[in-house]
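Architecture at a glance
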Amino acid sequence: MRTARTAAALIAVIALAAGCSGSGGKDDEDKSGDGGGGGKGVNTPRLKIAMVTHSGEGDTFWDIVQSGAKQAARKDNVEFLYSNDKEAKGQAELVQSAIDKKVDGIVVTLAKPEAMKAVLGKAEAAGIPVVTINSGGEFSAGFGALSHIGQDESVAGEAVGDELTKRGKKRALCVIHEQGNVSLEQRCAGVKKTFKGSVDNLNVEGTNAPGAQSSISAKLQATKDIDAVVTLGAPIAAISVKAKEDSKSEAEVDTFDLNAEVVKRLKAKEVGFAVDQQPYLQGYLAIDELWLYKTNANVLGGGKPVLTGPAIVTEKDVPKLEKYTARGTR
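Read on for a plain summary of the structure.

Basis of the calculations
Residues numbered from 1 in each chain as written. Predicted model: local features only at pLDDT ≥ 70, side-chain atom pairs only at ≥ 80, totals over all residues. Heavy atoms only, no water. Helix = DSSP H or I, 4+ residues; strand = E, 2+ residues; numbered from the N terminus. Contact = heavy atoms within 4.5 Å. Pairing = 2+ DSSP bridges. Axes fitted to C-alpha atoms, helices over the stretch in contact; angles between N-to-C directions. Buried < 20%, exposed > 50% of the residue type's maximum accessible area, 1.4 Å probe, protein only. 1 Å grid on protein atoms, 1.4 Å probe; cavity = no way out; pocket = protein on both sides within 12 Å on 5 of 7 lines; lining within 4 Å. Points joined across faces, edges and corners; volume = space filled by probe spheres on them. Nonpolar A, V, L, I, M, F, W, Y, C, P; charged D, E, K, R; others polar. Salt bridge = Lys/Arg side-chain N within 4 Å of Asp/Glu carboxyl O. Phe/Tyr/Trp six-rings, centres within 6.5 Å; stacked < 30°, edge-to-face > 60°. Lys NZ or Arg CZ within 6 Å of the ring centre and 35° of its normal.

Residue position: Gln-66 is located in helix H3 (residues 61-76). Sequence-distant contacts of Gln-66, defined by excluding residues within four places in its chain, comprise Phe-80 and Tyr-82.

Okay, the sheet that holds strand E10 (residues 274-276) next. Here 6 strands make up an open sheet; going across it, the order is E7-E6-E8-E9-E10-E12 and the pairing mixed. Each end of this open sheet is capped by a strand with a single partner; those strands are strand E7 (198-203) and strand E12 (311-313). On average, adjacent strands in this sheet sit at an angle of 25 degrees to one another, irrespective of strand direction. By the bridge criterion, 3 bridges tie E10 to E12 in an arrangement that is antiparallel.

As a further point, take unusual backbone geometry. A cis geometry characterises the amide bond from Gly-309 onward to Pro-310, with omega recorded as 10 degrees. You can see Pro-310 is positioned in the loop between strand E11 (306-309) and E12. In this structure, Lys-248 is a non-glycine residue whose phi angle is positive, near 60 degrees. Along the chain, Lys-248 turns up in the loop between helix H10 (234-247) and strand E9 (252-256). Lys-248 sits in the exposed class, given a relative accessible area of 71%. One non-glycine residue, Ala-297, adopts positive backbone phi at about 60 degrees. Structurally, Ala-297 can be placed in the loop between helix H12 (279-296) and E11.

Looking now at the layout of surface pockets. The space that makes up the largest pocket amounts to roughly 560 Å³. If you go around the largest pocket, you meet 34 residues; those closest to its centre are Gly-56, Asp-59, His-177, Glu-178 and Gly-206. Looking at the lining of the largest pocket, the elements with two or more residues in it are H3, helix H8 (182-194) and H10. When grouped by side-chain class, the residues that make up the lining of the largest pocket number 9 nonpolar, 15 polar and 10 charged.

Inspection of every chain in the model, using the stated rule, returns 17 salt bridges. Among the ionic pairs, Arg-171 bridges to Asp-225, the shortest N-O distance being 3.0 Å. Residue Arg-171 is found in strand E6 (residues 171-176), and its partner Asp-225 is found in the loop between helix H9 (209-222) and strand E8 (228-231); the two are separated by 54 residues along the sequence. Here Arg-171 falls in the partly exposed class, since its relative accessible area comes to 22%. Residue class for Asp-225 comes out partly exposed when judged on its relative accessible area of 47%. In this structure, Glu-270 and Arg-265 form a salt bridge, with 2.7 Å as the shortest nitrogen-oxygen distance.

What follows concerns the sheet that holds strand E1 (residues 47-53). If you walk across this open sheet you meet the 6 strands as E2-E1-E3-E4-E5-E11, and the pairing is parallel. Whereas interior strands pair on both sides, the edge strands pair on one side only; in this sheet they are strand E2 (78-84) and E11. Within this sheet the neighbouring strands show an average axis-to-axis angle of 20 degrees, counted without direction. Pairing geometry for E1 and strand E3 (residues 105-109), over 4 bridges, is parallel. Looking at E3, one finds that Ala-50 is bridged to Ile-106.

Right, let's talk about the packing of aromatic side chains for a bit. As enumerated under the stated definition, the model contains 4 aromatic pairs in all. Seen in terms of ring centroids, Phe-139 and Phe-143 are 6.0 Å apart; in terms of plane orientation they differ by 35 degrees. Their pairing is tilted. For Phe-139, a relative accessible area of 25% corresponds to the partly exposed category. What makes Phe-143 buried here is its relative accessible area of 9%. Aromatic side chains Tyr-280 and Tyr-284 sit 6.2 Å apart centroid to centroid with 25 degrees between the ring planes, which places their arrangement in the stacked category. Separated by 4 residues within a single helix, Tyr-280 and Tyr-284 lie in helix H12, roughly one turn from each other. Residue Tyr-284 is classed as buried on the basis of its relative accessible area, which comes to 7%. Seen from the ring of Trp-291, Lys-75 lies directly overhead, with NZ or CZ sitting 4.9 Å from the centre.

What follows covers the environment of Gly-302. Of note, Gly-302 is situated in the loop between H12 and E11. A relative accessible area of 75% places Gly-302 in the exposed class. Counting along the chain gives 155 residues from Gly-302 to Ser-147, while the straight-line C-alpha distance between them is 8.2 Å.

Spelled out as structure tokens, the structure:
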């Protein structure tokens, strides 16, 4: 609880700092329907910041992260470079490429942390500050990062377990769409920790939608007493709704992460609830923190992660979220 309060206070501080920088902040956001800025921005020196993630093809979550990062970059006079590779080796090579380009800062995810340790050591040796986001927060400080921005995945999973129990569910299927991703494994472990029923894990290939749908459908057909399907990413929620229809299952589909499609399915009651970790905020704060560090030696978090979630979202929240998800900022 103390960590959550600290994180909330830190987010408020950086929002205030952002609002005071040149003509950026709220006025700029209001000028663009997609959450992008249209003002002059700050007058600090031009910076080059790279973001390297573990995103696979078609994962809309990272579009939202980039939307936040680009907004902050416009405001902060930053050249924003984005790259991604779902394979750990490829992601590490992209980080090395950013180091070779002598960028002013690096934002990186730690889905498979051990693969990133050596190359982040090289970034530290080169004097390039690093901020980690989204995954692997417990490894962030040890790898030399300034701070970590995201949600505590175990806590998020525990929140889902509690919600399933409140809804009277008895058996849940937790669908892992990227095997070996520590954050996804932590989510399912968190669900299992607090859920009063039983949890089955199912590994699928998230970038292969037909294959994932077939695997989920087969599991639901074979295990009739599954009454909740928990997906760990918004695109998998849509796949699971179709798998539920194929198998004629009565299971409720619930999901981590939010996008326009999930909000539509919440409204249609095809998805019971979603866990919002505010990806836009992760991208925005990461760029803003590196800008603050480079121009004013500021560091967020005080050695603790800056939390952007979790929050449980239901159909009751749809009216206030629709316009934001439609423009790709929630």
